[in-house]
Amino acid sequence: MAVTQFSLQSRNSRHSSSVGLNVQQRQHQAKDPIYNQKRKDTRVTLQIGHQIRVSKNTSVFAEAGHTDNDSNLGLYDTDKRYVKTGINYHF
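Since the model is a prediction, treat every value here as computed from it, not as a measurement.

Quick notes on the pattern of salt bridges
Thought 1: Counting across every chain of the model gives three salt bridges.
Thought 2: For Glu63, the salt bridge identified is with Lys84, shortest N-O distance 3.9 Å. Here Glu63 is found in strand β4 (residues 58–71), whereas its partner Lys84 is found in strand β5 (residues 78–89), with 21 residues between them in sequence.
Thought 3: Take Glu63: its relative accessible area is 19%, and that puts it in the buried class.
Thought 4: Among the salt bridges present, the one from Asp79 reaches Arg81, with a minimum N-O distance of 3.5 Å.
Thought 5: Owing to a relative accessible area of 61%, Arg81 belongs among the exposed residues under this scheme.

In structure tokens form, the structure reads like this:
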């Protein structure tokens, strides 16, 4: 099961911002070979971003996010944060 909410806001033709939230519940079919149990995860991801168009085909962006995976098997619990920047070129 997954629930996703995404919002995109354009301030003008050059600037756009986005916010996204994704919640997933995952139940694995097979037993984990280490724990000998079926794995069940709840993953929550939140991300925000901004993009600036610098020409007709080119834009620059920055994005930050956080992902938290809560598992019934401790080995698979994760808490990740990221920041990325880049250039998009559209053909």
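Concerning the side chain of Ser16
Thought 1: Relative to the helices and strands, Ser16 is located in strand β2 (residues 15–31).
Thought 2: Assessed through its relative accessible area of 16%, Ser16 is described here as buried.
Thought 3: If we skip the residues at most four places from it in the chain, Ser16 touches Leu8, Gln9, Ser10, Gly49, His50 and Gln51.

Things to note about the packing of aromatic side chains
Working definition: an aromatic ring pair is given by the centre-to-centre distance plus the angle between the planes.
Thought 1: Evaluation of the coordinates by the stated rule reveals one aromatic pair.
Thought 2: With a centroid separation of 5.1 Å and an interplanar angle of 80 degrees, the aromatic rings of Tyr89 and Phe91 are classed as edge-to-face.
Thought 3: Over the ring of Tyr76 we find Arg39; its NZ or CZ atom is 3.9 Å from the centre of that ring.

Digging into the pairing of β4
Two faces, one strand: in a regular strand the side chains alternate between the faces of the sheet.
Thought 1: When strand β3 (residues 38–53) meets β4, the two strands line up antiparallel, connected through 13 bridges. Paired with Ile52 across the strands is Val60, a residue of β4.
Thought 2: For β4 and β5, the ladder comprises 12 bridges, and the chain directions are antiparallel. Counterpart to His66 in the pairing with β5 is Arg81.
Thought 3: Between β4 and the antiparallel strand that follows it, β5, lie six residues.

Cut-offs used in this document
- Starting from 1, residues in each chain are numbered consecutively following that chain's sequence as written.
- In keeping with the model being predicted, local features are shown solely for residues with a pLDDT of at least 70 and side-chain atom pairs are shown and tallied solely at 80 or more, while totals for entire chains, interfaces and linings include all residues.
- Values shown for side chains rest on all heavy atoms present in the structure; no hydrogens or waters enter the calculation.
- Criterion for a salt bridge: a side-chain nitrogen of Lys or Arg within 4 Å of a carboxyl oxygen of Asp or Glu.
- In this description a helix means any DSSP run of H or I spanning at least four residues, a strand means any run of E spanning at least two, and both kinds are numbered starting from the N terminus.
- Each residue is placed in one exposure class: buried if its accessible area under a 1.4 Å probe, protein chains only, is under 20% of its type's maximum, exposed if it is over 50%, and partly exposed if it falls in between.
- Between two residues, a contact is recorded if the distance between any of their heavy atoms is within 4.5 Å.
- The aromatic pairing rule takes the rings of Phe, Tyr and Trp, using the six-membered ring of Trp, and pairs them if the centres are within 6.5 Å, calling planes under 30 degrees apart stacked, those over 60 edge-to-face and the rest tilted.
- The criterion for a charge sitting over a ring is simple: Lys NZ or Arg CZ within 6 Å of the ring centre, and within 35 degrees of the ring normal.
- Whether two strands pair comes down to DSSP finding at least two bridges between them.

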